[in-house]
Amino acid sequence: MFRAIRSARRFVHLEYYVFEDVHCCGESLFELLIAQCRRGVQIAIIFDAVGSSSTPSGSFAKLLRHGIRLLPFNPVNPFKLRSPYSLNRRDHRKILIADGRLAIVGGINMSRAYESPLRSQRRWRDTDLQVQGPAVAQLQRLFLDHWHSQGGVALQEREFYPPLTHQGQERVAIIGGCPGNGGTRFYDVLLAALRGARSRVWMTAGYFLPTAPLMHELAQAAGRGADVRLLLPSHNDSVAALAVQRSTYSRLLAAGVQILERNSVILHSKSAVIDKAWCCVGTSNIDARSVRYNDEVDAIVLGTKTAQSLTLQFLSDVSKARQIESTAWKSRPVLQKLSETMWRPWQGLL
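So, here is what we can say about the structure in this document. On a predicted model such as this, the values are computed, not experimentally measured, just so you know.

**Here's the deal with helix H7 (residues 239-247)**
Line of reasoning, step 1. Counting buried residues along H7, seven of its nine residues qualify, which places the element largely inside the surrounding structure.
Line of reasoning, step 2. Within H7, burial applies to Ala240, Ala241, Leu242, Ala243, Val244, Gln245 and Arg246.
Line of reasoning, step 3. Buried residues along H7 sit in contact with strand E13 (227-233), helix H8 (249-254), strand E14 (258-262), helix H11 (326-330) and helix H12 (334-343).

Okay, here's the thing in structure tokens:
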């Protein structure tokens, strides 16, 4: 990310749910952005007003003083409301675009949580995808659409859509989800891919609160003989979400789905590999919030190179995970079973 920003000569556009002054190799993100702005690079940033609420207002003010354009998504301040408005609607996207030729998209926020943790803390496990070629224009369009719809001041044209040529043999499609306007497109594509799965479904999810259709397709794929594995967190920042996640295990295990939990990291990654050439990396969680309330972005890649890279990452994670065994799961503590039963009806609100 820092290298992409540093190499830009015309513009850098950033859109993040959490936007903080992160550091890399002793370098400050905000100082890097200011330095690039001084060199004449246009810097424009969309940040979610709730997700970035912990960032000091003084830090944002410093960026503004140096000519950096900032746009909060759905401000909480009632005097800054934009119509139509919903406090529940959040910008969960994570996008970096440099000069319209390179983009980075995925689950990683500009958050200090990803910096080297203390020994007593767990590090975060996440996945991003670097994109070059025509698909960058699709991400650029999503950014500018948000910029205009949220009332951003017109940006000076910096050749936002340069001529782009294919950089490899893989095909990339970008899906931008918005509540009430294509919010289910990613899930429709995912369900279609699951219906066609024959040999493998390897899915990593930071939050796993699946709908009935998704549960059905996972079970069906396993029933056809596909190797269906779910890599899920053993803990996260929501006790309720974790309880709902675990309430699905009995049915999935009975259908032949393998479930693995990572407990040495905070698993936040959202990716999947289906068979040997279909894969996805993005921001959409497997939960109702991503469909009903969040603006999301996901990249679908058709090609063996990216699928192989994600496969190797998945196997590395699996080697550090604990597999949930059906017999042992049935004998889990009664209080845990009660928690699962209690939170299950609230799944649509989590």
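**Focus on the packing of aromatic side chains**
Line of reasoning, step 1. In total, this model carries nine aromatic pairs according to the counting rule given.
Line of reasoning, step 2. Note on Phe11 and Phe160: the rings are 5.1 Å apart at their centroids and 85 degrees apart in plane angle, and the pair reads as edge-to-face. Of this pair, Phe11 sits in strand E1 (residues 11-16) while Phe160 is found in the loop between helix H4 (135-149) and strand E11 (171-177), placing the two residues 149 residues apart along the sequence.
Line of reasoning, step 3. Each ring, one from Tyr16 and one from Phe19, has its centre 6.4 Å from the other, and the planes form 40 degrees; the classification is tilted. Across the pair, exposure class does not vary: Tyr16 and Phe19 are buried alike.
Line of reasoning, step 4. Through a chain of ring-to-ring contacts, three or more aromatic side chains come together here, namely Tyr16, Phe19 and Phe30.
Line of reasoning, step 5. Above the face of the Trp202 ring, Arg200 is positioned so that its terminal group lies 4.2 Å from the ring centre.

**Examining the packing of helix H5 (residues 185-196) against helix H6 (residues 212-223)**
Line of reasoning, step 1. Look at H5 against H6: their axes get within 8 Å of each other, and the N-to-C directions meet at 20 degrees. The pairing of H5 with H6 is recorded here as roughly parallel in orientation. As H5 packs across H6, the resulting crossing turns out to be left-handed. On H6, the residues that touch Leu190, Leu191, Leu194 and Arg195 of H5 are Pro213, Leu214, Glu217, Leu218 and Ala221.
Line of reasoning, step 2. Of the residues belonging to the contact of H5 with H6, the class tally is seven nonpolar, no polar and two charged.

Scoring rules and cut-offs
Residues numbered from 1 in each chain as written. Predicted model: local features only at pLDDT ≥ 70, side-chain atom pairs only at ≥ 80, totals over all residues. Heavy atoms only, no water. Buried < 20%, exposed > 50% of the residue type's maximum accessible area, 1.4 Å probe, protein only. Helix = DSSP H or I, 4+ residues; strand = E, 2+ residues; numbered from the N terminus. Contact = heavy atoms within 4.5 Å. Phe/Tyr/Trp six-rings, centres within 6.5 Å; stacked < 30°, edge-to-face > 60°. Lys NZ or Arg CZ within 6 Å of the ring centre and 35° of its normal. Axes fitted to C-alpha atoms, helices over the stretch in contact; angles between N-to-C directions. Parallel < 35°, antiparallel > 145°, perpendicular 65-115°, else oblique. Left-handed = near helix turned anticlockwise from the far one by under 90°. Nonpolar A, V, L, I, M, F, W, Y, C, P; charged D, E, K, R; others polar.

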